[in-house]
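Single-letter residue listing:
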Amino acid sequence: MSKLLSEVAKERGVKNFLVSYTDLFGTMRAKLVPARAIDKMARDGAGFAGFATWLDMTPAMPDLFAVPDPASLIQLPWKREVAWLAADLYMDGKPVEQAPRGVLKSLIGKLGELGYEMRAGVECEFFLLAPDGTSIADGADKQTKSCYDQLALMRRYDVITEISEAMDELGWNPYQSDHEDANGQFEMNWEYDEALKTADRHAFFKYMVKSLAEKHGMRATFMPKPFAALTGSGCHSHVSLWRGEDNAFEDEKGELGVSDLGYRFLGGLMAHADALCALTNPTINSYKRLSAPRTVSGATWAPASVTYTGNNRTHMIRIPEGGRFEFRLADGSANPYLLQAAILCAGLDGLKTNRHPGERSDFDMYAEPHKCNGAKRLPQNLLDALRLFESSPVVKEGLGEAFVSSYAKMKHQEWQDFTRYLTDWEREQTLDC
């Protein structure tokens, strides 16, 4: 964007800007900046105390500056006098190595050196809950097989269409919305794009859904497993590499229409998915989705092992058609930037080392898991995932040792906080030991 942001504000009627960044835990942080002050912020950045957010910093450190990226500007469709800007983080004039958006941009740069661009689309699942978060908002949504329930979808017509129309106004090209597998659960899809743009939109989408749900008297959550008996919320990502306008993953002569380059990239994901679970499935709750027993609907729709297949939704990676694949591991709590960074980190290693993904698994993984031929199991909890994450040389090289160290440190603290929490289950099971 060549114009000054203050000029854009005058043209569009913007009075204030949200200068925003996403911290290590995926929480969005922002300062509200009047339009008259935005050009200085665009040059110097908005100041934050990094320790006050989920970043590996101390109160003694200098100011953290969030420098907005003008290309990311999104004018809030439900409050047009406000515009949102994704920001990159700096301290003492240098990029902050642990900043999620910066990590993704670095990997995009490495891929660009090879002459490629990664394009991605995300399938965001979420629940609409009562304001206190303890139950779904629609008391009539009780079907055992509730996926695609037309009545339940139409009872939430007002909020779903407001979100969809907002995406349409923003030029995201939304193309479908549906009631998902769990009661109270929905999914909305928009057109794929370059990885950084998709990550920015993904971050904003989560904010938009929560904001508009509140407007309609509900609470939206992207929590992976808010209800034990119901299917959890995934965040599947569709991936392809492009050279200009040519899809480098597409090959009519390739197996399932995928090129050798595509399979090498896929091989990297197969090799490192378990080590990257700490990013794609970053919460304690994430592993209640991955290791869940059969849900009320009959299936969890979540993987348990590192396998890939054709058009079959019971595996970690699905190839629905030539030219792309669907990475089904991540859940709703994934940091939008670190999700794409994890995929790129693994895929780049696959290209570099000419990895092959191994034998394709063409069977029902839920019904016949014994056929997986020794496939790696995914981590069963966050601690196991963190140990794999911080011990992987590929992860350290791809994401940067400073980022890996900071992220692992913060997540280990979260795990320790969890282990110190005394649950009702422990009392019920152990009082009479």
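Residues numbered from 1 in each chain as written. Predicted model: local features only at pLDDT ≥ 70, side-chain atom pairs only at ≥ 80, totals over all residues. Heavy atoms only, no water.

As annotated in an unreviewed UniProt entry, the protein carries the name Type III glutamate--ammonia ligase and comes from Methylocella silvestris. What UniProt records for the protein under Cofactor (unreviewed entry) is the sentence "Mg(2+)". The UniProt entry for the protein carries the following text under Function (unreviewed entry): "Catalyzes the ATP-dependent biosynthesis of glutamine from glutamate and ammonia." (UniProt positions renumbered as here; feature names shortened; annotations may be inferred.)

Draft legend 1. Expanded view of the pairing of strand 13 (residues 235–243). With respect to burial, strand 13 is a largely interior element, eight of its nine residues being buried. Note: strand 8 (residues 117–129) against strand 13, eight bridges, orientation antiparallel. Paired with Cys124 across the strands is Cys235, a residue of strand 13. Relative to strand 17 (residues 324–327), strand 13 runs antiparallel, the two being bridged by three bridges. By the bridge assignment, Val239 is partnered in strand 17 with Phe325. As consecutive antiparallel partners, strand 13 and strand 14 (residues 246–247) are separated by two residues, and within that stretch Gly244 has a phi angle of approximately 65°, a positive value. (Buried < 20%, exposed > 50% of the residue type's maximum accessible area, 1.4 Å probe, protein only. Helix = DSSP H or I, 4+ residues; strand = E, 2+ residues; numbered from the N terminus. Pairing = 2+ DSSP bridges.)

Draft legend 2. Up close: the nonpolar core. Counting residues in hydrophobic clusters, the biggest one holds 121 residues, and the most contacted among them are Phe17, Phe205, Leu241, Phe265, Phe389, Leu399 and Phe403. For this core, the element with the highest residue contribution is helix 7 (residues 260–280), accounting for 12 residues. Counting contributing residues, this core receives three or more from each of domain 1 (12–95) and domain 2 (106–425). Not counting the four nearest positions on each side in its chain, Phe265 is found in contact with Met118, Val239, Leu241, Phe249, Phe325, Ile343, Leu344, Gly347, Leu348 and Leu351. One finds Phe127, Leu129, Ile136 and Ala182 within the second-largest nonpolar core, a separate group that totals six residues. (Core = buried A, V, L, I, M, F, W, Y, C linked by side-chain atoms within 4.5 Å. Domains from an automatic or database assignment. Contact = heavy atoms within 4.5 Å.)

Draft legend 3. Highlighting the packing of helix 6 (residues 195–215) against helix 9 (residues 336–353). It is the contact of helix 6 with helix 9, at a shortest axis distance of 8 Å, that shows an interaxial angle of 150°. As summarised for this structure, helix 6 and helix 9 are arranged roughly antiparallel, according to the angle between their axes. Seen from above, helix 6 lies across helix 9 with right-handed handedness. The segment helix 6 lies against helix 9, with Ala195, Leu196, Thr198, Ala199, Asp200, His202, Ala203 and Lys206 engaging Pro336, Tyr337, Leu339 and Gln340. Considering only residue class, the contact of helix 6 with helix 9 consists of seven nonpolar, three polar and two charged. (Axes fitted to C-alpha atoms, helices over the stretch in contact; angles between N-to-C directions. Parallel < 35°, antiparallel > 145°, perpendicular 65-115°, else oblique. Left-handed = near helix turned anticlockwise from the far one by under 90°. Nonpolar A, V, L, I, M, F, W, Y, C, P; charged D, E, K, R; others polar.)

Draft legend 4. Layout of the packing of helix 10 (residues 382–391) against helix 12 (residues 401–419). Orientation of helix 10 relative to helix 12, taken along the N-to-C sense of each, is 165°, at an axis distance of 10 Å. One element, helix 10, and the other, helix 12, form an angle in the roughly antiparallel class. For the pair helix 10 and helix 12, the sense of crossing is left-handed. Across the interface between the two elements, Leu382, Leu383, Leu386, Phe389 and Glu390 from helix 10 touch Phe403, Val404, Tyr407, Ala408, Lys411, His412, Glu414 and Trp415 from helix 12. When the residues that make up the contact of helix 10 with helix 12 are grouped by side-chain class, the tally is nine nonpolar, one polar and three charged.

Draft legend 5. How the structure looks around the UniProt feature "domain: GS beta-grasp" (unreviewed entry) in the protein. On the UniProt side, "domain: GS beta-grasp" (unreviewed entry) is annotated at positions that read residues 12–94 here. Segment residues 12–94 splits into 10% helix and 42% strand. End C-alpha atoms: 33 Å apart.

Draft legend 6. Summary view of the packing of aromatic side chains. Overall, the coordinates contain 21 aromatic pairs when judged by the stated rule. Summarising the aromatic geometry, the rings of Trp78 and Phe204 are spaced 6.0 Å apart at their centres and angled 35° between planes, so their arrangement reads as tilted. In this pair, Trp78 is assigned in the loop between strand 5 (74–75) and strand 6 (82–91) and Phe204 in helix 6, connecting sequence segments 126 residues apart. Relative accessible area serves as the criterion here: at 24%, Trp78 is assigned to the partly exposed category. Ring geometry for Phe205 versus Phe222: centroids 6.3 Å apart, planes at 70°, classification edge-to-face. Of this pair, Phe205 sits in helix 6 while Phe222 sits in the loop between strand 12 (219–221) and strand 13, placing them 17 residues apart in sequence. Both residues of the pair, Phe205 and Phe222, count as buried. An aromatic cluster is present here, built from Trp78, Trp84, Phe126, Trp172, Phe186, Trp190, Phe204, Phe205, Tyr207 and Phe222 joined pairwise through their rings. The ring of Tyr116 has Arg243 lying over it, and the distance from NZ or CZ to the ring centre is 4.3 Å. (Phe/Tyr/Trp six-rings, centres within 6.5 Å; stacked < 30°, edge-to-face > 60°. Lys NZ or Arg CZ within 6 Å of the ring centre and 35° of its normal.)

Draft legend 7. Spotlight on unusual backbone geometry. Residues other than glycine seldom take positive phi values, yet Asp92 does so here, at roughly 55°. Tracing the backbone shows Asp92 in the loop between strand 6 and strand 7 (94–95).

Draft legend 8. Representation of the pattern of salt bridges in the model. For the structure shown, the criterion picks out 28 salt bridges. A salt bridge links Asp274 to Lys376; its shortest N-O distance comes to 3.3 Å. Here Asp274, found in helix 7, pairs with Lys376, found in the loop between helix 9 and helix 10; they are 102 residues apart in sequence, far enough to count as distant. Using a relative accessible area of 10% as the deciding quantity, one classes Asp274 as buried. A salt bridge links Glu414 to Lys411; the shortest N-O distance between them is 2.7 Å. Taken together, the residues span about one helical turn, with Glu414 and Lys411 both in helix 12 at a distance of three residues. Among the ionic contacts, a cluster of salt bridges with common partners joins Asp69, Asp88, Arg101, Lys105 and Asp200. (Salt bridge = Lys/Arg side-chain N within 4 Å of Asp/Glu carboxyl O.)

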